[in-house]
Amino acid sequence: EAGLAREVEDVAGEFGADIHLTGSNTVKIGAEMFGGVPPEEKSDLKRPKKDTSVPFWAVVDSKGALMGMLHTMRRVELCRDVIVFISKKTPKAYLRHLEEREYRYHVTGSDHVDLARMLAILKTEYRAKAVFSDSGPTLNGLLLQQGLLDEISFLVHPCLVGKDALP
């Protein structure tokens, strides 16, 4: 499983994006697929100091579904740090959680994250010229429906799953 996780990171890195965008469901599924969520450590509570050539990872999480899980993203070698996009309806406990752990976050909508506003923030505040969306049908479908995509690449990454599986 660790080898597969590394292959996924390598493929994402080949796009040369300034921001790696994902949805909360994708993060949850990925955490389950790659061994679960380890406990937070003291180092997870501070912003990491990584090379500025490494992209930020942005996550859409208006429901606070990733409380206690964001550190799994922060630990990824190819993630400079995590930027969380939330809405006005995001639970206050999640806001405290983000602030206590020094996560950057932006409120961009009333009920749900305003994706157009999110992309504008990524462009202006984080100087993003290219955003790589690695997500599932919900977030990618919304980006497509709202006309917010310039290019679509479909990646087929077949692998066998099991004890002695090979890609």
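In case you missed it, the structure is sitting above this.
The paragraphs below set out a description of the structure included in this document. Residue indices follow the written sequence of each chain, beginning from 1 at its first position. In view of the model being predicted, local features appear only for residues whose pLDDT reaches at least 70, and side-chain atom pairs are presented and counted only at 80 or more, with totals across whole chains, interfaces and linings using the full set of residues. Where side-chain values are given, they derive from all heavy atoms of the structure, hydrogens and water being excluded.

**Regarding the overall build of the protein chain**
And step 1. Each helix is a run of H or I in the DSSP string that is no shorter than four residues. Each strand is a run of E no shorter than two, and both are numbered from the N terminus. Along the backbone of the protein chain there are 6 helices and 5 strands.
And step 2. Ordered by position from the N terminus, the helices and strands of the protein chain form the series α-β-α-β-α-β-α-β-α-β-α.
And step 3. Only protein chains enter the accessibility calculation, which uses a 1.4 Å probe. A residue is then buried if its area is under 20% of the maximum for its type, exposed if over 50%, and partly exposed in between. Put simply, the protein chain has 167 residues, and 37% of those count as buried.
And step 4. Residue pairs at least 24 apart in sequence account for 73% of intrachain contacts in the protein chain once pairs closer than 6 positions are excluded.
And step 5. Only the protein chains shown count as cover for residues, and the accessible areas themselves come from Shrake-Rupley with a 1.4 Å probe. Carbon and sulfur atoms provide 54% of the accessible area of the protein chain, an area that totals close to 10300 Å². The criterion used for residue contact is that any of the two residues' heavy atoms lie within 4.5 Å.

**Regarding helix H2 (residues 24–33)**
And step 1. Of the positions making up H2, those classed as buried are Ser-24, Val-27, Gly-30 and Ala-31. Looking straight down H2, one finds its buried side chains confined to an arc of 125°; they lie on one side. When the buried face of H2 is taken as reference, the exposed residues oriented beyond 90 degrees from it are Ile-29 and Glu-32.
And step 2. Positive backbone phi, approximately 105°, marks Gly-35, located one or two places after H2. The arc in question is formed by the directions pointing from the helix axis toward the C-beta atoms.

**Considerations on unusual backbone geometry**
And step 1. Phi is positive for Glu-102, which is not a glycine, with a value near 60°.
And step 2. With a relative accessible area of 31%, Glu-102 lands in the partly exposed category.
And step 3. Residue Arg-127 is not a glycine yet carries a positive backbone phi of 55°.
And step 4. On the secondary structure map, Arg-127 appears in the loop between helix H5 (115–125) and strand S5 (131–133).
And step 5. Looking at Arg-127, the relative accessible area reads 71%, which means it is exposed.

**Remarks on the pairing of strand S4 (residues 104–107)**
And step 1. Note: two strands are recorded as paired if DSSP finds a minimum of 2 bridges between them. As paired strands, strand S3 (residues 82–86) and S4 are joined by 4 bridges and run parallel to one another. Residue pairing across strands places Ile-83 opposite Arg-104, the latter belonging to S4.
And step 2. One crossover worth recording links S3 to the parallel S4 by way of helix H4 (residues 92–100), and it is right-handed. Whether a crossover is right-handed depends on one test, that the path from the first strand over the helix to the second runs clockwise when the strands point away from the viewer.

**Digging into the packing of aromatic side chains**
And step 1. Here is the rule: rings of Phe, Tyr and Trp (six-membered ring for Trp) pair when centre to centre is within 6.5 Å. Planes less than 30 degrees apart are stacked, more than 60 are edge-to-face, and the remainder are tilted. Within this structure, the stated rule accounts for 1 aromatic pair.
And step 2. Between the aromatic rings of Phe-56 and Tyr-126, the centroid separation amounts to 5.4 Å while the plane-to-plane angle is 70°, which identifies the pairing as edge-to-face. Within this pair, whereas Phe-56 is found in strand S2 (residues 56–60), its partner Tyr-126 is found in the loop between H5 and S5, the two being separated by 70 residues in sequence.
And step 3. Phe-56 gets classed as buried once you look at its relative accessible area, which sits at 8%.
And step 4. In our convention, an over-ring charge means Lys NZ or Arg CZ found within 6 Å of a ring centre and within 35 degrees of that ring's normal. For Arg-74, the ring lying beneath its charged end belongs to Tyr-103, and the centroid distance is 3.8 Å.
And step 5. Sitting over the ring of Phe-56, Arg-80 keeps its end group 4.2 Å from the ring centre.

**Some words on the pattern of salt bridges**
And step 1. One side-chain nitrogen of Lys or Arg within 4 Å of one carboxyl oxygen of Asp or Glu is enough to make a salt bridge. A full pass over the atoms with the stated rule returns 8 salt bridges.
And step 2. The partner of Glu-102 in a salt bridge is Lys-46, and the shortest N-O contact between them spans 3.4 Å. Of this pair, Glu-102 sits in the loop between H4 and S4 while Lys-46 sits in the loop between H2 and S2, and the two are 56 residues apart along the sequence.
And step 3. Linking Arg-104 and Asp-81 is a salt bridge whose minimum nitrogen-to-oxygen distance equals 3.1 Å. Pair noted here: Arg-104 is in strand S4 and Asp-81 is in the loop between helix H3 (70–74) and S3, with a separation of 23 residues, a long-range link.

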